[in-house]
Amino acid sequence: MDYTIILQAGIASGTVLLFATIGELFAERSGVLNLGVEGMMLIGAMSAFSTTIATGNPWLGVLVAMIFAGLISQIHAFIVITLQADQVVSGLALTFLGAGISLVLGEGLSKAGTVSLLPNFSIPLLTLIPIIGKIFFTNQSVLVYVGYLLVPLSWYYINRTRPGLHLRAVGEYPSAADALGINVFRMRYFYVFVGGMMAGLAGATISLAVSPGWFSELTTGGQGWIAIGLVIFAQWDPFRAAIGAYAFGALRRLILDIQGPLVLFGFANPFYYNPYLGFFLQMLPYLFTVVVLVIGSREALRKRIGAPAALGNPYVRGERGL
Amino acid sequence: MINQTSSMPSSPPQAPLVVEMRGIVKRFPGVLANDHVDFELLHGEIHGLLGENGAGKSTLMNVLAGLYRQEAGTILVKGEPKAFSSPRDAIKAGIGMVHQHFMLVPSQTVTENILLGLDDPRFIMRLPDYNTKIAELGERFGLKVDPRAKIWQLSVGEQQRVEILKMLYRGVDVLIMDEPTAVLAPQEIEGLFVTLRAMIAQGKSVIFISHKLQEVSVIADRVSVLRRGIATASGVPSKGVSRQELARLMVGRDVIFALDKKPGRPQDVVLEVTDVHAESDKGLPALRGISLNVRAGEIVGVAGVAGNGQSELSQVISGMRRCAQGQVLLNGDKISNRNTLFGIQHGMAYVPEDRTHVGSAPNLSVTDNVIMKNFRKPPISKNGLLDMKAATKHANELKLAYDIIVPTVSTPVRLLSGGNLQRVILAREISGLPAFMVAVQPTRGLDVGAIEGVHRLLLAQREAGAAVLLVSEELEELLSLCDRVYVIYEGKIMGEVMIGDDEPDEGAALSLSKGLVDTIGQMMTGTPLDQIQKEGVAAHD
Ligand SMILES: Nc1ncnc2c1ncn2[C@@H]1O[C@H](COP(=O)(O)OP(=O)(O)O)[C@@H](O)[C@H]1O
Ligand SMILES: [Mg+2]
C-alpha cells in the first residue's frame, strides 16, 4: 500500500467532515445545538447531484445544495429559537425529515449516470514539498482547497472581528448581549442558517467530488453524526476541528483500504481473511462519536472543555434581564 | 451633626435637574413595585436611594435605565420627556446602570466586554488599540483593571469596575449603581467611593442604591427612601437627617438593632474540617487546604467576598461536592466524599445558598418540602409507604411553630415569598434536631422582619447546643451572631477572630468592632492574620 495515496484520499474525505463540523461549530457557538447535520448533508448531497445532472453545472449544484440545506435548517431554528422547544428532539426530527425528503426526491438518481464533476488540480510550487505536497496539494478537488482557507478564516472571524465577538457573547451569555442591544434571536437564526449551508456544502462535497453519485442514505453513511462528535472533540475551535476532521477522513480511507491486500507487513492480512474484523474497524468512528457525545452531555465536563455556556438553552427575554 | 428635632428640610435645588421622574407606577403579578414614585436627580450629586429588600428600588431604576416600561408616569432627562424602549436608548440619553448581577461574558476579556454591542470597531478588532484606550479611561476614574484579563480571572470587585468602565466608555452622564457594596470587601468599598467622587468631580451624577443606612449617609449628598413601592422621602439632604429617622422611613417602625445573644457555652468539637482541597465546576482549584472546626453550642462564621470558595466549602461539608484531599469529620465520622444521605443520618442540616433550586423543590407543596428529610422514618413512613395524613399534620405543626405564612400546606412553595420559603427550609432542617448545621447566606434578599426571624432561629440552635457554621457576606450579621469568624480568601483561611459577647459599654464595643472590621476587611482582601498582627506590632515599636 502507498500510504501517501491513502492520506491524500483521506484529506479529501476529511473535507466533508470539515465543512459539516465547522458549520455545526458556528451554530453551537451561537448557542444552538443542531443534531440534524446528517439530514441536512443528505439534502445537500442529493440536491447538488440532481442539479448537476439537470444543468450540467456542478457549481450551480453546490449553490443549490447550500441554499436548500440552509432553508431546511430554518425549520429547526424556528422550533428551537422562536418556539423554544427542546433542541435535541427538534434536531433528531430534522435528521429524519432531511433523510426522508432526499430519499423521495432522489428516487431514480442512482441510475442517472455520470455528471461533470468539480475540477481537481494541483498547486504548482507546493506540490514539490516532500510528502506534504503529495498529500495536501496534488490533484485535489477545488473544495479541498476551499477547506484549507476556511479553517483560518473561521478562526479569525470568531476571535478577531466584531460579528465574531457578538457570536461568542450570544452563545455564552445571551442576556448580557441583549442588554447591549444585540439581537440574540436574529443572530441565532443566522448561525443556524450558516450551519445548514455548511452541511449542504459537505453533502455536495461527497456527491460531486469525494465519492461521486447518489447512493441514498449510504451517501453520507452517518458522517453527520461524526461531525457533531468532532465539534465537542474540537472544543469549539476551528483548528482543532480541522485536525479531527482530517484525522477521521484518513482513518475512514485506511479502514477501507486495509481490507484490500492479501499481505500486510509481511503477514497474512487478518482484515482480508476475517470480514468481521473489518466490520469492527468500520464501527470505530461511530464508537468514538458515542463516547464523545456522552462526555459532551455531562454538565460538569462540558464546563471544563469550554462549551458555550448557553448551548442548548432557549433564550427567553425576561424583564429581570436574566 | 445629627439633627433629631427638625423635620425634613428641603432646601431649594442649587444645581440643575438632570433626571426627573414623576408618578412612576410599575406593577408585577401580585405586587405594586412602584406606586406613583417621584424622583429627582441634581447635576453633580451622589443621590442615595434607600429601602429594604423588595421596596422597589431596582424596579424604579430599571425603569429609568430602559429595562422596564412604566405603566404610568413620565421621565424627563435634562427637561426633555423621554420614553426608553431599551437600555440602549437610555444609554444614548446618557443614563447607564450597573446591575446587582453583573452582565459580563466570563470567557471574554475586559476590552471585549466593553466593546460588545458598539458600532466601532466596524469589523476587524484591533484589540491592542482599544486596550490602551480603556486603560487610560480607567486611570482617569481610579478604576484599576487589566484590559486584557478574562472576566472569569477577575475578582468580583474588579468585575464591578469593568461594569462601570462599560458605562463610562459609552459616555454616560448619569450612573446608576444597584447595591454596589454588597459584593465588596470594606477596603474595596473605600476604593469605590473614591471613584464615585472622581466621577462627580468630572461633571457626572450618580444614583447609589443601597439597603444599608450607614453607607448611604457616608457617601450620599441627598437621600430618597422607598418603602413598599412608595417614596417616603424624596431628595432629603443627608446631613440634615439622623440614621434613626432614615431607618424609620425605611421600615415604617422603630428598629431594634440589638439581638438577644446569650453568652456562649461552647462544648466539644462537632465538625472538623482538615486540609480540604476541592475544585470548582470549571475544574479550577477552589479550596486550597481549608481547616476549621465548629463546637457544639457556638455559631462560627465564614466571612469573605463572594466567590472565594464559600460555596464549594459548604458543598464539600454537606456532601454535594467531592474533595480531592483532606477530610471532614462530623462527630468523629468521616462524611466527606460520601453521599449526602450519610451526612443527614449523622446529624447534618444544610441551608443552601440557592433557596429555590437546591433548598426546595419549587413545584412541590410545603408538606412535600418539609418531609424530604424525615420521610423514611415513622410516623411519616408507615410500612414503607408515605402516610400523607401524618405528613400533613407534621407540616401544619411546623407551619405554626415557624410562622410560615401560607394559606394551606398543600400550596406549592414557588408561590412563597423569600422569607417564608427560607422558614420552610429552616423548619425542615431544624425539626430534625441536627447536631450540626451549615447555613449559606440565609438572609440574602430578605426584608428586615424576615432577617430577624432567621437570626433568632440560628441563635436558638446555638442555645440548644447545635454547632452552626454560618457563611455570609454581611459582616454585621456575622459580628452580631457569631462566636468566632474565619475569613476565607481564594480558597484559603486567612485567619480566625474571636467575637466577644459581653460588651462593657456601647462606646467601647463600637471601637472594638471597628478594629475587628478593619482586621477582617484586610483578611478579606488577602492579607493573612499573622501578617496583620506583625505589622501592627511593628507600627507600635
Ligand atoms: N421581574 C419581576 N417579576 C416579578 N416580580 C418582581 C420582578 N422584579 C421585582 N419584582 C417584585 O417587585 C418588588 C420590588 O422589587 P425590587 O425592585 O427588586 O426591590 P429592591 O431592589 O428594592 O430590593 C418585590 O416584591 C419583587 O419581588
Ligand atoms: Mg434590588
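To be clear, the structure that these remarks concern was listed above.
Because the structure is a prediction, the values reported are computed rather than measured.

1. Considering the interface of chain A and chain B
Here comes step 1: Of the residues lining the interface, 27 residues belong to chain A; the matching set on chain B comes to 34 residues.
Here comes step 2: Together chain A and chain B conceal approximately 2500 Å² of surface at their shared face, both sides included; 59% is due to carbon and sulfur atoms.
Here comes step 3: Joining chain A to chain B, the criterion identifies 9 residue pairs in polar contact (both at pLDDT 80 or more).
Here comes step 4: Mapped by element, the contributors of at least two residues to the side of chain A that touches chain B are α6 (142-160), α7 (162-172), α8 (174-179) and α14 (299-304) of chain A.
Here comes step 5: Top element by residues in the side of chain A that touches chain B is α7(A). It accounts for 7 residues.
Here comes step 6: Partitioned by chemical class, the residues of the side of chain A that touches chain B number 13 nonpolar, 6 polar and 8 charged.

2. Some remarks on the site of ligand 1
Here comes step 1: Around ligand 1 lies a shell of 13 residues, among which G54(B), G56(B), K57(B), S58(B) and T59(B) are the nearest.
Here comes step 2: Neighbouring residues of ligand 1 are not confined to one chain but are distributed across chains A and B.
Here comes step 3: Between ligand 1 and G56(B) there is a distance of 2.9 Å, counted from an oxygen atom to a backbone nitrogen or oxygen.
Here comes step 4: Within the backbone of K57(B), an N or O atom sits 2.8 Å from an oxygen atom of ligand 1.
Here comes step 5: Bound to the protein, ligand 1 loses 74% of the 560 Å² it would expose on its own.
Here comes step 6: Counting only elements with at least two residues in the shell around ligand 1, the list comes to β2 (31-42) and α1 (57-64) of chain B.
Here comes step 7: The element best represented in the shell around ligand 1 is α1(B), accounting for 3 residues.
Here comes step 8: Taken together, the residues of the shell around ligand 1 break down into 5 nonpolar, 5 polar and 3 charged.

3. Re the pattern of salt bridges
Residues and elements named next belong to chain B.
Here comes step 1: What the rule picks out here adds up to 23 salt bridges over all chains.
Here comes step 2: The shortest N-O distance in the salt bridge between K393 and E397 comes to 3.5 Å. One end of the pair is K393 and the other is E397, both in helix α12 (residues 388-401) and 4 residues apart, which spans about a single turn.
Here comes step 3: Exposure remark for E397: the relative accessible area of 43% places this residue in the partly exposed category.
Here comes step 4: Overlapping salt bridges, with partners in common, bring together E20, R22 and E40 in one network.

4. Brief notes about the layout of surface pockets
Residues and elements named next belong to chain B.
Here comes step 1: Estimated volume of the second largest pocket: approximately 500 Å³.
Here comes step 2: If you trace the second largest pocket, you find 25 residues lining it, with K373, N374, K377, S431 and G432 closest to the centre.
Here comes step 3: For the lining of the second largest pocket, the secondary structure elements donating two or more residues are α10 (340-345), β16 (348-351), α12 and α13 (418-431).
Here comes step 4: When residues of the lining of the second largest pocket are assigned to their parent elements, the largest contribution, 4 residues, is made by α12.
Here comes step 5: Split by residue class, the lining of the second largest pocket holds 11 nonpolar, 7 polar and 7 charged.
Here comes step 6: Counting the residues that make up the lining of the second largest pocket, at least three belong to each of domain 2 (269-347 + 434-540) and domain 3 (363-433).

5. Notes on unusual backbone geometry
All names here are of chain B.
Here comes step 1: Of note, the amide linkage connecting D120 to P121 takes the cis form, showing an omega dihedral of 5°.
Here comes step 2: When you line up the elements, P121 lands in the loop between α3 (110-115) and α4 (127-140).
Here comes step 3: Of note, the bond from P378 into P379 is cis; its omega dihedral lies within 30 degrees of zero at 5°.
Here comes step 4: Its location among the elements puts P379 in the loop between α11 (366-370) and β17 (381-382).
Here comes step 5: Residues other than glycine seldom take positive phi values, yet E179 does so here, at roughly 45°.

6. As for the sheet that holds strand β7 (residues 174-178) of chain B
Residue and element names in this part refer to chain B.
Here comes step 1: Reading across the sheet, the 6 strands line up as β6-β7-β8-β3-β9-β10 and stay open at both edges, with mixed pairing between neighbours. The sheet terminates laterally at β6 (95-98) and β10 (230-237), the two strands that pair on one side only. For this sheet, the mean angle separating the axes of adjacent strands, direction not counted, is 15°.
Here comes step 2: Bridge analysis of β6 against β7 gives 4 bridges, and the strand direction is parallel. Residue G96 lies in a different strand from β7, and its bridge partner there is L175.

Rules used in this analysis
Residues numbered from 1 in each chain as written. Chains lettered and ligands numbered in written order. Predicted model: local features only at pLDDT ≥ 70, side-chain atom pairs only at ≥ 80, totals over all residues. Heavy atoms only, no water. Contact = heavy atoms within 4.5 Å. Buried area = accessible area lost by both parts, 1.4 Å probe. Polar contact = N/O pair within 3.5 Å; in protein donor to acceptor, adjacent residues only side chain to side chain. Helix = DSSP H or I, 4+ residues; strand = E, 2+ residues; numbered from the N terminus. Nonpolar A, V, L, I, M, F, W, Y, C, P; charged D, E, K, R; others polar. Near = heavy atom within 4 Å. Areas by Shrake-Rupley, 256 points an atom, 1.4 Å probe, with all protein chains shown as cover. Salt bridge = Lys/Arg side-chain N within 4 Å of Asp/Glu carboxyl O. Buried < 20%, exposed > 50% of the residue type's maximum accessible area, 1.4 Å probe, protein only. 1 Å grid on protein atoms, 1.4 Å probe; cavity = no way out; pocket = protein on both sides within 12 Å on 5 of 7 lines; lining within 4 Å. Points joined across faces, edges and corners; volume = space filled by probe spheres on them. Domains from an automatic or database assignment. Pairing = 2+ DSSP bridges. Axes fitted to C-alpha atoms, helices over the stretch in contact; angles between N-to-C directions.

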